Amino acid sequence: MAIKIYNTMSRKLEEFIPGGEPKEQITDYPPVTIYSCGPTVYSFAHIGNFRTFIFNDLLRRYLKFRGYSVDHAMNITDVDDKTIKGALAEGITLKEYTDKYTKIFFEDLKKLNIEPVEHNPRATESIEEMIDIIKKIDEKGIMYNSEGSLYFDISKFPQYGRLSNLDKREIKAGARYDADEYNKEDVRDFALWKAPKENEPFWETPYGPGRPGWHIECSAMIRKIFGKTIDIHTGGVDLIFPHHENEIAQSEAAYGEKFVRYWLHVEHLLVDGAKMSKSAGNFYTLRDLLNMGYSPRPIRYLLISAHYRKQLNFTLEGIKHSEQALERIDNLIVRLRDIKKEEHNFNECDNLIAKLYFDFTEAMDNDLNISGALGVFFEFVSKVNTLISEEKLSKNDAEKIIAAINKLDSVFGFINFESEEDVDAERIEALVQERIQAKKDKNFKRADEIRDMLKEEGIILEDTKDGTRWKRKK
Ligand SMILES: [Zn+2]
């Protein structure tokens, strides 16, 4: 049985063959090479962005679950129109500005239990590689210089538009575009390298001073890290045009070989049934939701739970339903841990677990059908709950079942296996007392520090008229 994934390029479900050559065993394959377009670090990432990043995480976790090894890169765009504008507005250097948002971005990933990937190249650290690829494009005569900026000449690359199915008639030959982002109605030559404007950062190159366009950075970093055709390239559907179309044009023009085998694109996220926008008041960053009192775990659950090629409607009500779903799982783990019975009188445990793995894999192999896989899992949760109520399971059965759930969670990443006893209550109590004293001493800085530190650990303090209570955040 093989994994099937939907390739935006062919618009079909295709059998997944890493490296392009079928092998006998999964373990015979070379590591699966994946590139995911990362954030532009000009602001806090919003939950629509995180839907895509959580999908990337699901993809790599599932490939590992199936026995593949992965070699995954996600870039950090730390120079582009938006970051430059932001740094100028705040009167700080581009590096100071982007370092701040890069740090915040990685903190957010950690909160959402998104695994670190093998490579996180930064655009500003890959300028040399960008010039290398520009030179190659130049040698092929597919580029021209206009007032110090370099443009890709799409009329000399006849394959242009295959990924996004562009109607060739829309292409305006000779018309140019400087902006990093533009829409499908506006098919023009795009900037590989931009002449510096006043107050903008620039790099000296054989083509003169300037700074990179957004698209060249991904092409350059993929070459730098992988050096050849990669297996999977992911991103949100909004990146298909122009960003990914331009990446293909640059890389295939420069190196004359296939750029990417499988293109995977994640659909939009809606909030309350509408496109998320600041003006509509339905725009959320992860921090907004955490400040409203929601935990990262149900947010991860909600963002992962819909199939990636379907639109997901995010609502606060949806987070509450996710909390309930997680509570069902948490309660099952508690019930399983409570089982003390030693004697065996149930012979179906191994079969039950084997069926769980089989059905879960069958669903996920079908284009990462997570909603189907979650259906399989909750059916299993119900069955096990019934078996516990009927007192059929032994301690040994319970341990096997917990191990199986743990294995599935290597893909889900949202189940809590910590028991209440894992929390060091004595230490927390001491910190709570220290905070009360600090407040009495009007040392509010220390009091806030303690509150924030415990919050990081998932401990919530509640100041009531009877004193301070603490609880674990679920
Ligand atoms: Zn990209």
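What you are looking at is a predicted structure, and each value in this text was computed from that prediction instead of being measured.

For the overall build of the protein chain, give the residues involved together with the corresponding values.
Summing up its helical and strand segments, the protein chain has 14 helices and 16 strands in all. Principal-axis analysis of the C-alpha atoms gives the protein chain an extent of 75 × 65 × 40 Å. Taken over 474 residues, the protein chain has a buried fraction of 50%. Taking as baseline every contact in the protein chain between residues at least 6 positions apart, the subset at least 24 positions apart corresponds to 74%. Summing over all exposed atoms, the protein chain offers an accessible surface of approximately 22,400 Å²; the carbon and sulfur share of this is 49%. A gap of 2 Å separates the mean positions of the 70 positive and 82 negative side-chain charges of the protein chain.

Which residues make up the environment of Tyr-29, and what values do they have?
Residue placement: Tyr-29 occurs in the loop between β2 (12–15) and β3 (32–36). For Tyr-29, a relative accessible area of 12% gives the class buried. Between the alpha carbons of Tyr-29 and Asn-406 there is a distance of 26 Å; along the sequence they are 377 residues apart. Not counting residues up to four positions away in its chain, the partners in contact with Tyr-29 are Ile-17, Pro-18, Glu-21, Pro-22, Lys-23 and Tyr-68. From its side chain, Tyr-29 meets the backbone nitrogen of Lys-23 in a polar contact 3.0 Å long.

Can you lay out the pairing of strand β11 (residues 260–266) for me, pointing to particular residues and giving the numbers?
Regular strands have side chains that alternate between both faces of the sheet. Taking burial as the measure, the 7 residues of β11 include 6 buried ones, the bulk of the element. Where strand β10 (residues 230–236) and β11 come together, 6 bridges link them in parallel fashion. Following the sheet pairing, Ile-230 is matched in β11 by Val-260. What joins β10 to β11 is helix α6 (residues 240–255), and the crossover it makes is right-handed.

Which residues make up the sheet that holds β3, and what are the values?
In space, the 4 strands of this open sheet follow the order β4-β3-β10-β11, with parallel pairing throughout. The sheet terminates laterally at β4 (70–74) and β11, the two strands that pair on one side only. If you compare each strand with its neighbour and ignore which way they point, the axes differ by 20° on average. In this sheet, β10 lies alongside β3 in parallel orientation, the contact comprising 3 bridges. Across the sheet, residue Ile-34 finds its bridge partner in β10, namely Ile-232.

I'd like a description of the sheet that holds strand β14 (residues 312–314), backed by residues and values.
Strand order in the open sheet formed by 3 strands is β13-β12-β14, with mixed pairing between adjacent strands. The outermost strands of the open sheet, each flanked by one partner alone, are β13 (274–275) and β14. The pairing of strand β12 (residues 269–271) with β13 spans 2 bridges and is classified as antiparallel. Following the sheet pairing, Val-271 is matched in β13 by Ala-274.

Break down the side chain of Glu-245 for me, with residues and values.
Tracing the sequence through the fold places Glu-245 in helix α6. Those residues in contact with Glu-245 that sit more than four places away from it in its chain are Tyr-160, Gly-161, Arg-162, Leu-163, Ser-164 and Ile-240.

If you had to explain the coordination of the zinc ion to someone new, which residues and values would you point to?
Donor atoms from the polypeptide that coordinate the zinc ion comprise Cys-37 (SG), Cys-218 (SG), His-243 (NE2) and Glu-247 (OE), at 2.0 to 2.7 Å from the metal. The site at the zinc ion holds 4 donor atoms, and with the angles between them running 73 to 135°, its shape is irregular. Along the chain, the residues that donate to the zinc ion are spaced as C-x180-C-x24-H-x3-E. Remark: His-243 occurs in helix α6 and Cys-218 occurs in helix α5 (residues 214–226); sequence separation between them is 25 residues. Here His-243 falls in the buried class, since its relative accessible area comes to 1%.

Account for the packing of helix α9 (residues 316–338) against helix α12 (residues 395–412), with residues named and values stated.
At their nearest, the axes of α9 and α12 sit 9 Å apart, and the two run at 150° to each other. In this view, α9 runs roughly antiparallel relative to α12, as classed from their interaxial angle. Every pair of crossing elements has a handedness; the one defined by α9 and α12 is left-handed. Residues Leu-332, Ile-333, Leu-336 and Arg-337 of α9 pack against Ala-398, Ile-401, Ile-402 and Ile-405 of α12.

Thresholds applied
Residues numbered from 1 in each chain as written. Predicted model: local features only at pLDDT ≥ 70, side-chain atom pairs only at ≥ 80, totals over all residues. Heavy atoms only, no water. Helix = DSSP H or I, 4+ residues; strand = E, 2+ residues; numbered from the N terminus. Buried < 20%, exposed > 50% of the residue type's maximum accessible area, 1.4 Å probe, protein only. Contact = heavy atoms within 4.5 Å. Areas by Shrake-Rupley, 256 points an atom, 1.4 Å probe, with all protein chains shown as cover. Lys, Arg positive; Asp, Glu negative; His and termini not counted. Charge placed at Lys NZ, Arg CZ, Asp CG, Glu CD. Polar contact = N/O pair within 3.5 Å; in protein donor to acceptor, adjacent residues only side chain to side chain. Pairing = 2+ DSSP bridges. Right-handed = clockwise from strand over helix to strand, strands pointing away. Axes fitted to C-alpha atoms, helices over the stretch in contact; angles between N-to-C directions. Donors = N, O, S within 2.8 Å, 3.2 Å for Na, K, Ca; no water. Tetrahedral: all angles 85-135°; square planar, octahedral: opposite > 155°, others 65-115°. Parallel < 35°, antiparallel > 145°, perpendicular 65-115°, else oblique. Left-handed = near helix turned anticlockwise from the far one by under 90°.

Read these as geometric descriptors, not functional statements.
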